[in-house]
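# Residue-level structure breakdown
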Amino acid sequence: MNIGHTIADIRSQVATWKGNGQKIAFVPTMGNLHAGHLALVTAAKQRADRVVVSIFVNPLQFGPNEDFAKYPRTLEADTNALRGVGADLLFLPEVGEIYPQGQQAATKVEVSEVSEGLCGAFRPGHFAGVATVVTKLFNIVQPDLALFGKKDYQQLQVIRRMVADLCFPIEIIGLDTVREPNGLAMSSRNGYLSSAEREQAVVLYRSLKQAVDRLRAGDQDYARIEATGMAELQAHGFRPDYFSIRRADNLATVEVGKPLVVLVAAWLGGTRLIDNVEV
Ligand code: PAF
């Protein structure tokens, strides 16, 4: 696996591959890789000739009181794991390479509608930070396809909408969430949980499945299902931000006959967890 630190490194390597007619897949990450990330790389290898992975903890998508400083940075383990699954090129930029004018970008990409509500309401500026860095990374790597996990369901919808609206010639692939044996969605932030909290965290997935079961059984009292989910989480020591049933394709409010997704964000101690299940 080659490693590049600059935009020029990545552009020249990708240009060589493209010149040979090779198809490029891209998996953007913030590192601290787990089985979910590695599944994205494995799926990327099946769909393309070359797989580029980026590890960049993007300051622009963290709020002032969020965990940018303590976000886990595990570069050696990540590099070994990526070699193990056969990634071809790792992009490891410094903040100054991505934001040469400082830690902010004067030009930001705002994806309205789908960025509003849910996590967008609780993390102002977060999705603009994601959309901006993903735009920059797409312009640097110029992949044919890019892969994202469905655990960050709203992020995936924001990126799909951005790619459509800005006419990026990139296929976006969303892959199912990889879970621990007890159902907990894999996340780099799970490392913040104590072992007792890890046990407690299974309630998140359980509450989603209970809601999905009721929806599948034909229950259309969405407000009551959401309130039950919130109450279940509170009863188990969570502080939920939301427990919400939305349209799966655009996260708009429920419309009968359209596919649905149930999404949750909740705090367990000092850790904010998110998860979702498509109906
Ligand atoms: O999902 C993530 O890890 C990040 O939000 C992403 C897409 C790499 C952008 O920084």
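Figured I'd write up the structure that's included with this text. Predicted model only: the values in this text are computed from it and were never measured.

Here we take up the site of the ligand. Every residue close to the ligand is listed here: P28, T29, M30, N58, Q61, V133, F148 and Q155. Contacts to the ligand include Q61, whose side-chain N or O atom sits 2.6 Å from an oxygen atom. At 2.7 Å from an oxygen atom of the ligand is found a side-chain nitrogen or oxygen belonging to Q155. Grouping the amino acids of the shell around the ligand by side-chain chemistry returns four nonpolar, four polar and no charged.

Glancing now at the packing of helix α9 (residues 202-216) against helix α10 (residues 222-235). In contact at an axis separation of 10 Å, α9 and α10 are set at 160° when each is read in the N-to-C sense. The angle between the axes of α9 and α10 places the two elements in the roughly antiparallel class. Along this stretch, α9 crosses α10, giving a crossing that reads as right-handed. When α9 is examined against α10, the residues V203, L204, R206, S207, Q210, A211, R214 and L215 are found in contact with a partner set consisting of Y222, R224, I225, T228, E232 and L233.

What follows deals with the sheet that holds strand β2 (residues 24-29). Spatial ordering of the open sheet is given by β1-β4-β3-β2-β5-β6, a layout of six strands whose pairing is parallel. At either end of the open sheet lies a strand with only one pairing partner, and these are β1 (2-4) and β6 (171-175). The average undirected angle you get between the axes of adjacent strands in this sheet is 25°. Pairing of β2 with strand β3 (residues 50-55) involves six bridges; the strand directions are parallel. Residue F26 lies in a different strand from β3, and its bridge partner there is V52. Across the sheet, helix α3 (residues 75-84) is in contact with β1, β3 and β4 (89-91); its angle to β3 comes to roughly 170°.

Pairing in this open sheet of three strands is antiparallel, and the strands run β7-β8-β9 from one edge to the other. Single-partner strands in this sheet number two, and they are β7 (239-247) and β9 (271-278). The average undirected angle you get between the axes of adjacent strands in this sheet is 10°. Direction of pairing for strand β8 (residues 260-268) relative to β9: antiparallel, over a ladder of eight bridges. When the sheet's bridge partners are listed, V264 is paired in β9 with D275. Contacts from α10 reach β7 and β8, with the element oriented near 155° to β7.

Turning our eyes to something else, we now look at the pattern of salt bridges. Applying the stated rule across the entire model yields 17 salt bridges. Measuring nitrogen to oxygen at the nearest pair gives 3.5 Å for the salt bridge that ties R214 to D219. Overall, R214 belongs to the partly exposed group, its relative accessible area being 25%. Residue class for D219 comes out buried when judged on its relative accessible area of 19%. The network of salt bridges with shared partners includes R214, D219, D221 and R224.

Before going further, it helps to spend a moment on the nonpolar core. One finds F138 and I172 to be the most contacted residues of the largest nonpolar core, which totals 44 residues. Counting residues per element, the ones that place at least two in this core are α1 (7-19), β2, β4, α6 (126-141), β5 (145-149), α7 (153-165) and β8. The greatest single-element share of this core, amounting to nine residues, is contributed by α6. With residues near it in sequence (within four places) discarded, F138 still touches F26, P143, A146, F148, I159, M162, V163, F168, I170 and I172. Grouped together as the second largest cluster of nonpolar side chains are 23 residues, A201, L208, L215 and F243 included.

Quick notes on the rules
- Residues numbered from 1 in each chain as written.
- Predicted model: local features only at pLDDT ≥ 70, side-chain atom pairs only at ≥ 80, totals over all residues.
- Heavy atoms only, no water.
- Near = heavy atom within 4 Å.
- Polar contact = N/O pair within 3.5 Å; in protein donor to acceptor, adjacent residues only side chain to side chain.
- Nonpolar A, V, L, I, M, F, W, Y, C, P; charged D, E, K, R; others polar.
- Axes fitted to C-alpha atoms, helices over the stretch in contact; angles between N-to-C directions.
- Helix = DSSP H or I, 4+ residues; strand = E, 2+ residues; numbered from the N terminus.
- Parallel < 35°, antiparallel > 145°, perpendicular 65-115°, else oblique.
- Left-handed = near helix turned anticlockwise from the far one by under 90°.
- Contact = heavy atoms within 4.5 Å.
- Pairing = 2+ DSSP bridges.
- Salt bridge = Lys/Arg side-chain N within 4 Å of Asp/Glu carboxyl O.
- Buried < 20%, exposed > 50% of the residue type's maximum accessible area, 1.4 Å probe, protein only.
- Core = buried A, V, L, I, M, F, W, Y, C linked by side-chain atoms within 4.5 Å.

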